[in-house]
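For reference, the chains in residue letters:
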Amino acid sequence: MATIFTKIINKEIPASIIFENDKVIAFKDINPIAPIHILVVPKKEIPTLNDITAEDSDYLIAMYLAIKDIAISLNISENGYRLITNCNSYGGQEVFHLHFHLLGGKKLGPMLSF
Ligand code: 5GP
């Protein structure tokens, strides 16, 4: 089912887009939890990580390549950054369109909170 991210992909609602190609779009999270908080989203409606198949491999590779380029362009490659994908209820997923959170811009705290 289409989510808010499909509307951003289709330019039906605005977003602060920082990267786009035929397979991936990346834009600033509306509610950032780090100085740099980018959402990296495939241009295919894959609801969760549980739903990926081998047919999605082009999109998954494109997501990683986009992240590499974005990190270079934002000058966070050397210091480093964190990727998070939340999955379903226990993972805290809110938008059911696969995405990475790309977090950086400072030394991040512990990875998990319980
Ligand atoms: P999830 O919890 O599904 O892993 O993450 C969804 C993320 O999408 C949240 O961090 C939330 O702030 C972000 N988000 C939700 N709606 C919008 C929106 O309309 N625009 C943008 N840029 N981010 C959004």
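Cut-off values and rules
Residues numbered from 1 in each chain as written. Predicted model: local features only at pLDDT ≥ 70, side-chain atom pairs only at ≥ 80, totals over all residues. Heavy atoms only, no water. Core = buried A, V, L, I, M, F, W, Y, C linked by side-chain atoms within 4.5 Å. Buried < 20%, exposed > 50% of the residue type's maximum accessible area, 1.4 Å probe, protein only. Helix = DSSP H or I, 4+ residues; strand = E, 2+ residues; numbered from the N terminus. Contact = heavy atoms within 4.5 Å. Expected span 1.5 Å × (residues − 1).

### So, the nonpolar core
Okay, so step 1: Judged by nonpolar contacts, the single largest core of 17 residues is most densely connected at V24, V40, I70 and L102.
Okay, so step 2: Elements with a minimum of two residues in this core: strand 2 (24–28), strand 3 (36–42), helix 2 (57–73) and strand 5 (100–104).
Okay, so step 3: Per-element accounting of this core gives the leading share, six residues, to helix 2.
Okay, so step 4: Ignoring sequence-local partners within four residues, the contact set of L102 consists of I36, H37, I38, V40, I67, I70, I76, Y81, R82 and L83.
Okay, so step 5: Counting residues in hydrophobic clusters, the runner-up holds seven residues, among them F5, I8, L39 and V41.

### Let's talk about helix 2
Okay, so step 1: With 17 residues, helix 2 should cover 24 Å at 1.5 Å per step; its first-to-last C-alpha distance of 24 Å lies within 8% of that length.
Okay, so step 2: Inspection of helix 2 places Y59, A62, M63, A66, I67, I70 and A71 among the buried residues, and these make up the whole buried set.
Okay, so step 3: The inward-facing, buried residues of helix 2 abut strand 1 (17–20), strand 2, strand 3, strand 4 (81–84) and strand 5.
Okay, so step 4: In the stretch just after helix 2, N75 is the one whose phi turns positive, near 60°.

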